[in-house]
Amino acid sequence: MFRTEPVLQDDVFKVREKIPTTICADGVEAAARVAGIIADTIRQHNSAGKPTVLGLATGNTPVGVYRELIRMHKDQALDFSNVVTFNLDEYYPMRPDNIQSYHRWMKENFFDHVNVPAGSIHIPDGTLPEKKVAKYCQEYEAKIKAAGGLDIQILGIGRTGHIGFNEPGSSRDSRTRLISLDRVTRMDAAADFFGEQNVPRQAITMGVGTILEARRVILMAFGEQKAPIIRKAVEGPVTDAVAASFLQEHRSAEVIVDLAAGADLTRMDTPWLLGEIEWSQEYQHRAVIWLGLQTGKSILKLDQDDYDNNHLASLARKAGPVDDLNVRVGRRLWNTLIRQGMIPSGKKVLCFSPHPDDDVISMGGTLHELVKSGCDVHVAYMTSGNIAVFDEHARQMLNTWADLNRIFDIDMTRTKQIVKKVKEFFAAKAPGALDIPEVLLIKEWIRRNEAAAACRSMGITFKNAVFLDMPFYQTGEVRKRPIGEEDVKIVYDLLKKVRPQWVFMAGELADPHGTHRLCAEAIFKALRRLSEDELPEEVWLYRGAWQEWDIDMIDMAVPLSKAQLTKKIFGIFKHQSQKDKALFPGPYDDREFWQRAEARNRQTAERFNKLGLPEYHAMEAFVRWRP
Ligand code: F6R
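Residues numbered from 1 in each chain as written. Predicted model: local features only at pLDDT ≥ 70, side-chain atom pairs only at ≥ 80, totals over all residues. Heavy atoms only, no water.

**Student:** Honestly, the overall build of the protein chain in this entry has me stumped. Any pointers?
**Tutor:** Of the regular secondary structure elements, the protein chain holds 20 helices and 17 strands. Compactness check: the protein chain gives a C-alpha radius of gyration of 26 Å against a globular reference of 25 Å for 627 residues, within 12% of the reference. Counting the 627 residues in the protein chain, one finds 57% classified as buried. For the protein chain, the proportion of contacts with a sequence separation of at least 24, taken over those separated by at least 6, is 78%. When the accessible surface of the protein chain is totalled, it reaches about 26,600 Å², and 51% of it is carbon and sulfur. When the 83 positive and 85 negative side-chain charges of the protein chain are each reduced to one mean point, those points stand 2 Å apart. (Helix = DSSP H or I, 4+ residues; strand = E, 2+ residues; numbered from the N terminus. Rg over C-alpha atoms; globule rule 2.2 N^0.38 Å. Buried < 20%, exposed > 50% of the residue type's maximum accessible area, 1.4 Å probe, protein only. Contact = heavy atoms within 4.5 Å. Areas by Shrake-Rupley, 256 points an atom, 1.4 Å probe, with all protein chains shown as cover. Lys, Arg positive; Asp, Glu negative; His and termini not counted. Charge placed at Lys NZ, Arg CZ, Asp CG, Glu CD.)

Structure representation (structure tokens):
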């Protein structure tokens, strides 16, 4: 379903990649690899009786590494008693017990579960008065030196190319210091702080120079949102506009990515530009579509010169004559189209929606078409989405509820108690603080009723909608638990109960706070538990609000007329709490969800048309999943 790595003659791609880069199948494999490197070093140092000095990072990227190290500590007695750690950074100002603090993060995700002595842990202090910070930073550097320097520094990378919080402009020689955070970085952190306005403007970070002095540096990146910056860091020029590019000058730096984060590297994106590849069916299809989009020609008009002039002569030789190749690719694309009268009727359909609005945003048009053609359509809302409702919206709902209770003469004593409690909470709520249960409930029911309204607008009977309230999500925080057995069981039981013939689910790997990815993991695990005859006929992956599938990946495209697209947009409008301005719009786009959906569905149709297929107004796209 996702792109595979091409088979290339070994050294060809290294010409472009200026930092040794490994592409792993997924984040789990990558995390195991990095944890293995760290554990080996610790074991070697332990048996030589010397300490191991680790430079550590926080964020979504290294979580798996810490999880694996904790497992090794528990199962294999990996001993951290002679490990000294220095963290890269901390927000400023920041209290260590704050839920967004990197002190607290490190404790919860690592230090509470292993035996690093408390006195060997160093994390920049976000509580100092500003005039003391410069001296403190010098002392931090001195402590790293006194410990013998960093043996291994692990890094994530920000979309600005930052390592630590070394934002664009940070020089090669920069040292530990106070830095102003870039707008992009603050937008990326907005979800953790329940809104960009709550994200601190500054941070204390180790400098690029500090990081480059580590004996070994491992930079990790996962997810397609990191793909463009990984390409810049690995293949681009060394520049202070991308701090990570300085790693090209390090003698022992390496980059470890998953397939999604490595997707823009030339060897993954357009490997035929680098040398001879094995022309599998997948690569033939991709390259011809790329050639069409590149030359602006429809597929059937591509000629031998187009192939020769765009590094595809070898494809023409292997799979030509080009006219035949064009016809094969054109036909495959044509076959993905669900044309007039082809939408199935009478099928039992189950659509999994990670948040209460993903169904309508990503496939509202298709859902409505399925209902119209007589399918029995069910929707499973996997999480309540209660963290993504503005306080003001909850307050408004509370007032309406209290007024109605008064008008209908319903228990005013209890009503007043709740109104008082919630209002007092809001009055004292610190920016970024967690909500009390009453507020979470109000927010949850706001979203449930919006989903009900959207279902009605798509013609789905609301009794066919279930709210799964997956346990992994119920932390009240943006940070989620890993998928557990109880999550998988909920999905499995539903699949057994509904017995759908077609399943739709969010298959993208790029939502800013990981919920889609976790939901997909639970569904895949549940599907794999079904016996052969219980498996649905088809499992279709749609992409969530953030991106669309590339044309060559699409297995089913459902055209929408202008009226159908408008109907879908009206369905999206039913999610009033996400309208005008969503609390978590994702860091990449300022547009509202309906605008993104409209643009993306129209763009897919345009691309199909450019490649020589009929001109439709808009299109929803799906990729087939096979167990
Ligand atoms: C964190 C740090 C940052 C992150 C980077 C990526 O200590 O220094 O550079 O590594 O912002 O963050 P995630 O991993 O959350 O995508």
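**Student:** In this structure, what is going on with the environment of D469? I would like to understand it.
**Tutor:** Considering the arrangement of structural elements, one finds D469 in the loop between β13 (465-467) and α17 (485-498). Taking C-alpha positions, D469 is 41 Å from A243, a pair spaced 226 residues apart along the chain. If we ignore the near neighbours within four places in the chain, the residues touching D469 are Y381, M382, S384, E444, R448 and Q474. For D469, the side chain forms a polar contact with the side chain of R448, separated by 3.3 Å. (Polar contact = N/O pair within 3.5 Å; in protein donor to acceptor, adjacent residues only side chain to side chain.)

**Student:** So what exactly am I meant to see when it comes to the site of the ligand here?
**Tutor:** As a matter of local geometry, the ligand sits amid 14 residues, with T61, D89, H162, G164 and K226 nearest to it. A distance of 2.4 Å separates an oxygen atom of the ligand from a polar side-chain atom of D89. Considering only residue class, the shell around the ligand consists of four nonpolar, eight polar and two charged. (Near = heavy atom within 4 Å. Nonpolar A, V, L, I, M, F, W, Y, C, P; charged D, E, K, R; others polar.)

**Student:** Is there a simple way to explain helix α13 (residues 358-372) in this structure?
**Tutor:** Count 3.6 residues to each turn of an α-helix, and residues three or four apart come out pointing the same way. The first and last C-alpha atoms of α13 sit 20 Å apart over 15 residues, in line with the 21 Å expected at 1.5 Å per residue. At G364, α13 shows its maximal kink, close to 85 degrees. Counting buried positions along α13 gives 13 out of 15 residues, so the element sits mostly inside the fold. One or two steps after α13, the chain reaches G374, where phi turns positive at roughly 95 degrees. (Expected span 1.5 Å × (residues − 1). Bend = angle between axes of the 7 residues up to and from the residue.)

**Student:** Before we go on, may I ask you to explain the packing of aromatic side chains in this structure?
**Tutor:** Here the distance between the centres and the angle between the planes together describe a pair of aromatic rings. This structure, assessed with the given rule, holds 22 aromatic pairs. Where Y381 meets F467, the ring centres are 5.1 Å apart and the plane angle is 25 degrees; that geometry is what we call stacked. Here Y381 is found in strand β12 (residues 376-381), whereas its partner F467 is found in strand β13, with 86 residues between them in sequence. Taking the relative accessible area as the measure of exposure, Y381 reaches 0% and is therefore buried. With a centroid separation of 6.0 Å and an interplanar angle of 70 degrees, the aromatic rings of W502 and F504 are classed as edge-to-face. Connected via pairs of aromatic rings, a cluster forms that spans Y66, F80, W105, F110 and F111. The side chain of R448 reaches across the aromatic face of W445, ending 4.6 Å from its centre. (Phe/Tyr/Trp six-rings, centres within 6.5 Å; stacked < 30°, edge-to-face > 60°. Lys NZ or Arg CZ within 6 Å of the ring centre and 35° of its normal.)

**Student:** What am I meant to see in the packing of helix α19 (residues 562-573) against helix α20 (residues 593-610) here?
**Tutor:** When two helices pack together, their arrangement is given by the angle between their axes and by how far apart the axes lie. At a minimum axis separation of 10 Å, α19 and α20 run at an interaxial angle of 155 degrees. With respect to α20, the axis of α19 lies roughly antiparallel. Like other packed secondary-structure pairs, α19 and α20 cross with a definite hand, here right-handed. On the side of α19, the interface is formed by L565, K568, I569, I572 and F573, while α20 contributes W594, A597, E598, N601 and R602. Classifying every residue of the contact of α19 with α20 gives six nonpolar, one polar and three charged. (Axes fitted to C-alpha atoms, helices over the stretch in contact; angles between N-to-C directions. Parallel < 35°, antiparallel > 145°, perpendicular 65-115°, else oblique. Left-handed = near helix turned anticlockwise from the far one by under 90°.)

**Student:** Explain the side chain of E90 to me, please; I cannot follow it from the model alone.
**Tutor:** Within the secondary structure layout, E90 lies in strand β4 (residues 89-92). Within the structure, E90 has its side chain in polar contact with the side chain of S101 (distance 3.1 Å). Of note is the side chain of E90, whose polar atom sits 3.1 Å from the backbone nitrogen of Y102. The residues touching E90, leaving out its near neighbours within four places in the chain, are S101, Y102, H103, P124, G126, A203 and I204.

**Student:** Sorry if this is basic, but what is going on with the pairing of strand β11 (residues 348-353) here?
**Tutor:** Burial within β11 is extensive, with five of its six residues counted as buried. Across six bridges, the pairing between β11 and β12 is parallel. Residue F352 lies in a different strand from β12, and its bridge partner there is A380. For the crossover from β11 across α13 to β12, the handedness is right-handed. Note: β11 against strand β14 (residues 502-506), three bridges, orientation parallel. Paired with C351 across the strands is F504, a residue of β14. (Pairing = 2+ DSSP bridges. Right-handed = clockwise from strand over helix to strand, strands pointing away.)

**Student:** When you look at the pattern of salt bridges in this model, what are you seeing that I'm missing?
**Tutor:** Two side chains that carry opposite charge are able to pair once their charged atoms sit near each other. One pass over the structure, following the stated rule, counts 39 salt bridges. In this structure, the salt-bridge partner of K429 is D391, at a minimum N-O distance of 3.0 Å. Of this pair, K429 sits in the loop between α15 (412-428) and α16 (437-458) while D391 sits in helix α14 (residues 391-407), placing them 38 residues apart in sequence. Here K429 falls in the partly exposed class, since its relative accessible area comes to 22%. What emerges from the salt-bridge pattern is a single network uniting D391, K429, D435 and K443. (Salt bridge = Lys/Arg side-chain N within 4 Å of Asp/Glu carboxyl O.)

**Student:** Explain helix α9 (residues 281-295) to me, please; I cannot follow it from the model alone.
**Tutor:** The first and last C-alpha atoms of α9 sit 21 Å apart over 15 residues, in line with the 21 Å expected at 1.5 Å per residue. Taken together, the buried positions of α9 are Y283, Q284, H285, R286, A287, V288, I289, W290, L291 and G292. Considering only its buried residues, α9 is in contact with α8 (266-269), α10 (304-309), α11 (313-319) and α12 (322-336). Positive backbone phi, at 70 degrees, marks G296, one or two positions downstream of α9.

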